[in-house]
Amino acid sequence: MKTLFVGRLSYDVKEDDLYREFGRFGPIVKVRIVENAFASPEEKKKKKHRGYAFVEFETERDMKGMLSTNHAPLPFPSQRGQR
């Protein structure tokens, strides 16, 4: 499996942010941030997506290499769930 689940994303995170951060560990095939399809227009202004994404690496080795590093939390703005 070459797909990584990324949760607790800030609602300000965009696909380009994930490509940039996870691309350091190897080539990325696709990034998909799960959208909030059933949200009202007001909710979509606040929460542009559901707060999680899937990152597909080109090889399983790259994904496992990323998981095995002692990396710091990703520098995304205002991480959800932190106080």
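First, a word on scope: everything that follows refers to the structure included in this document. (Residues numbered from 1 in each chain as written. Predicted model: local features only at pLDDT ≥ 70, side-chain atom pairs only at ≥ 80, totals over all residues. Heavy atoms only, no water.)

## Thoughts on the overall build of the protein
Quick reminder of the rule: Helix numbers and strand numbers start at the N terminus; a helix is a DSSP run of H or I with at least 4 residues, a strand a run of E with at least 2. Summary of the burial criterion: residues with accessible area below 20% of their type's maximum are buried, those above 50% are exposed, and those between are partly exposed, where the area comes from a 1.4 Å probe applied to protein chains only. We call two residues contacting when some pair of their heavy atoms lies within 4.5 Å.
Broken down by element type, the protein carries three helices and three strands. Beginning at the N terminus, the succession of helices and strands in the protein can be written as β-α-β-α-β-α. Among the 83 residues that make up the protein, the fraction classed as buried is 31%. Within the protein, contacts between residues at least 6 apart in sequence are counted, and of these 72% link residues at least 24 apart.

## Some words on helix α3 (residues 60–68)
Selection rule: The arc in question is formed by the directions pointing from the helix axis toward the C-beta atoms.
Within α3, the full set of buried residues consists of D62, M63 and M66. Down the axis of α3, the buried set is contained in an arc of 100°. They therefore lie on one face. Of the residues in α3, the exposed ones pointing more than 90 degrees away from the buried face are R61 and S68. On its buried face, α3 sits against β1 (3–6), α1 (15–22) and β3 (53–57).

## What to know about the side chain of N36
Residue position: N36 is located in the loop between β2 (28–33) and α2 (41–46). Beyond its immediate sequence surroundings of up to four residues, N36 is in contact with K44, K47, K48, H49 and R50.

## Considerations on the sheet that holds β3
Rules: Note on pairing: two strands pair once DSSP finds at least 2 bridges between them. Angles run from 0 to 180 degrees between N-to-C directions of axes, and those axes are lines fitted to C-alpha atoms, restricted for helices to the stretch in contact.
An order of β1-β3-β2 is seen for the three strands of this open sheet, with the pairing classed as antiparallel. Sheet topology places β1 and β2 at the edges, where each strand pairs with a single neighbour. Neighbour to neighbour, the strand axes of the sheet diverge by 15° on average, direction disregarded. Where α1 meets the sheet, it contacts β1, β2 and β3, and its direction lies at approximately 140° from that of β2. Strand contacts of α3: β1 and β3, with the helix running at about 40° to β1, the strand carrying the most contacts.

## Quick look at the environment of V55
Take V55: it is sitting in strand β3. C-alpha of V55 to C-alpha of V31: the two residues are 24 residues apart in sequence and 4.6 Å apart in space. In contact with V55, not counting residues within four places along its chain, are K2, T3, L4, V6, F22, I28, K30 and V31.

## Quick look at the pattern of salt bridges
Operational definition: Put simply, a salt bridge is a Lys or Arg side-chain nitrogen that is within 4 Å of an Asp or Glu carboxyl oxygen.
Across all of its chains, the model carries four salt bridges by this definition. For E21, the salt bridge identified is with R24, shortest N-O distance 3.4 Å. Owing to a relative accessible area of 10%, E21 belongs among the buried residues under this scheme. A relative accessible area of 55% means that R24 is categorised as exposed. Connected through shared salt-bridge partners, D17, R20, E21 and R24 make up one network.

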